Amino acid sequence: MAEKVIIIGSGPAAWAAAIYSARANLRPLVFEGAVTEANRVAGTLPLGQLALTTEVENYPGFPAGDLKAYLDTALPEEKRAEMPPHGKHGATGPELLELMRQQALNFGTRIITEDIKGVDFRVPCTHGRRPFGLFASDGKTYEAQSVIVATGARANYLGLPSEEKFKNRGVSGCAVCDGALPRFRNKPLVVIGGGDSAVEEATYLTKFASKVHLVHRRDKLRASKIMVERAETNAKIDILWNRTVEEVLGNDREGVTGVRLKSTVGAEDLELPIAGFFLGIGHTPNTAFLQGALELTGKGYVCWPVPMRTFTSVPGVFAAGDVADDYYRQAVTAAGTGCMAALDAERYLAEHE
Ligand SMILES: Cc1cc2nc3c(=O)[nH]c(=O)nc-3n(C[C@H](O)[C@H](O)[C@H](O)COP(=O)(O)OP(=O)(O)OC[C@H]3O[C@@H](n4cnc5c(N)ncnc54)[C@H](O)[C@@H]3O)c2cc1C
């Protein structure tokens, strides 16, 4: 028997889609991703990108405060035992995601902790309809009348061991998410990259930082003309040309304290004291498993062909969250489009029954 709806992913988009479709009696089946070393290294373990961060200060409904009693009552004891102690600051990324997952479970969502490795999205025939096929990492094939793709995107990192060591302690892949945290206020920061997203991150961070060093490996920014002008005329942005990162410096107590930069044109190494190290070198959408089954943008994101709808190029397949959104990339927008995808899937199923 084909499932009514299968949801692929485990970030805010997937759990919002699961909550809505479970409450609509669609009995959603979620593939939340597998717990593997490959997923750990790629930053795509179950619960998604937000689980990789500490405080989340901008998800509505979770102001600073002591959530301990709420977490203890909302989540099963064994889950609580696995989680870091609550810090009275509102919610952390992992706390928010565990709450969303539990809310989906409470309404009857079924969860399989495996990856989807491939899909067969050939359009079902109208008579004697053929369901969509999903090939999972457990070796089985699952069938569904509708599918919601919510597999997110991952921030690109340089891959240095020192960068990995200080993730969440000064190293961040998201300026909009983390820039306002107290540890970065009125401190010098570094942004790595030379494209539009790096310049955007650097410009955003000037609201909080004392200085933002934009480090680029070439002698010219790749960003659009207007963005370049913005960077060059901002008194708080200092562009360091022809430099690459050798090491992020820091210690266990303070986290990031500096960065050592190499020259690409033979100048001496440069060491800068900084409190934050931000990556502005793009994101990689988790769409490799789609293997041409859906129309993608030039950057590999799933296309939403109709504005304000989560439709994809295949009727009956919907996309939600960062896998289709390379612009807003926030937990609340991902959850919002997850809700939209569930409603779109519900309507599609009603029309095709
Ligand atoms: C360091 C950092 C800090 C951030 N802080 C904030 C913040 O403070 N506030 C905020 O609003 N946003 C923040 N964001 C952004 C936010 O995390 C994302 O916008 C949001 O998580 C996107 O949600 P999503 O549901 O689209 O997917 P994701 O969170 O990307 O989750 C998708 C997950 O689906 C699973 N998956 C992927 N492929 C498959 C597959 N083939 N089969 C099965 N499962 C699969 C993986 O587990 C993957 O991680 C931050 C991001 C980063 C990197």
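A brief report on the enclosed structure follows. Please read all numbers here as calculations on a predicted model, not as lab measurements.

**Some thoughts on the state of the cysteines**
Enumeration over the complete set of coordinates arrives at one disulfide. The disulfide that involves Cys174 links it to Cys177, with 1.9 Å between the sulfurs. Its S-S torsion of approximately 60 degrees makes the covalent link between Cys174 and Cys177 right-handed. Here Cys177 falls in the partly exposed class, since its relative accessible area comes to 31%.

**Topic: the nonpolar core**
One finds Ile7, Trp15, Tyr59, Phe62, Leu96, Leu97 and Ile148 to be the most contacted residues of the largest nonpolar core, which totals 38 residues. Those elements giving two or more residues to this core turn out to be β1 (3–8), α1 (12–23), α5 (93–106) and α10 (331–352). Top contributing element to this core by residue count: α10, with eight residues. In contact with Leu97, not counting residues within four places along its chain, are Ser10, Gly11, Pro12, Trp15, Leu47 and Leu50. Leu134, Val147, Leu290 and Val302 belong to the second-largest nonpolar core, a separate cluster that totals 23 residues.

**With respect to the site of the ligand**
In the vicinity of the ligand lie 35 residues, with Leu45, Gln49, Asn58, Asp322 and Ala331 positioned nearest. Interatomic distance of 3.2 Å between a backbone N/O atom of Pro12 and an oxygen atom of the ligand. Relative to its free-state accessible area of 1,000 Å², the ligand is covered by the protein chains to the extent of 96%. Breaking the shell around the ligand down by element, the ones donating at least two residues are α1, α7 (175–178) and α10. Residue composition of the shell around the ligand, by class: 16 nonpolar, 13 polar and six charged.

**Looking at the environment of Val302**
Relative to the helices and strands, Val302 resides in the loop between β18 (283–285) and β19 (317–319). We classify Val302 as buried; its relative accessible area is 1%. For the pair formed by Val302 and Thr53, sequence separation is 249 residues and the distance between their alpha carbons is 25 Å.

**Details of the sheet that holds strand β12 (residues 211–215)**
A sheet is described by the order of its strands in space; here five strands give the open sequence β10-β17-β11-β12-β13, paired in parallel fashion. Two strands bound the open sheet, and with one partner strand each, they are β10 (171–172) and β13 (237–240). Here strand β11 (residues 188–192) pairs with strand β17 (residues 276–279) via four bridges, running parallel. Within the sheet, the bridge partner assigned to Leu189 lies in β17 and is Gly276. The strands that helix α8 (residues 196–205) touches are β11, β12, β13 and β17; relative to β11, the one it contacts most, it runs at about 165 degrees.

**Regarding the side chain of Asp120**
Here Asp120 lies in strand β6 (residues 116–120). Polar side-chain contacts of Asp120 include one of 2.8 Å to the side chain of Arg122. For Asp120, the contacting residues outside a window of four places in its chain are Arg130, Phe132, Gly133 and Phe135.

**A few points about the packing of aromatic side chains**
Under the criterion given, the structure shown has eight aromatic pairs. A centroid spacing of 4.8 Å and a plane angle of 70 degrees characterise the contact between Phe31 and Tyr142, whose relative ring orientation is edge-to-face. In this pair, Phe31 sits in strand β2 (residues 29–31) while Tyr142 sits in strand β8 (residues 141–149), placing the two residues 111 residues apart along the sequence. Residue classification places Phe31 among the buried residues on the basis of a relative accessible area of 1%. On the basis of relative accessibility, which here comes to 15%, the residue Tyr142 falls in the buried class. Through a chain of ring-to-ring contacts, three or more aromatic side chains come together here, namely Phe311, Phe318 and Tyr348. Stacked on the ring of Phe107, the Lys or Arg Arg23 has its end atom at 5.5 Å from the ring centre. Note that Lys167 overlies the ring of Tyr157, its terminal NZ or CZ placed 4.0 Å from the centroid.

So, how was this worked out
Residues numbered from 1 in each chain as written. Predicted model: local features only at pLDDT ≥ 70, side-chain atom pairs only at ≥ 80, totals over all residues. Heavy atoms only, no water. Disulfide = S-S within 2.5 Å. Buried < 20%, exposed > 50% of the residue type's maximum accessible area, 1.4 Å probe, protein only. Core = buried A, V, L, I, M, F, W, Y, C linked by side-chain atoms within 4.5 Å. Helix = DSSP H or I, 4+ residues; strand = E, 2+ residues; numbered from the N terminus. Contact = heavy atoms within 4.5 Å. Near = heavy atom within 4 Å. Polar contact = N/O pair within 3.5 Å; in protein donor to acceptor, adjacent residues only side chain to side chain. Areas by Shrake-Rupley, 256 points an atom, 1.4 Å probe, with all protein chains shown as cover. Nonpolar A, V, L, I, M, F, W, Y, C, P; charged D, E, K, R; others polar. Pairing = 2+ DSSP bridges. Axes fitted to C-alpha atoms, helices over the stretch in contact; angles between N-to-C directions. Phe/Tyr/Trp six-rings, centres within 6.5 Å; stacked < 30°, edge-to-face > 60°. Lys NZ or Arg CZ within 6 Å of the ring centre and 35° of its normal.

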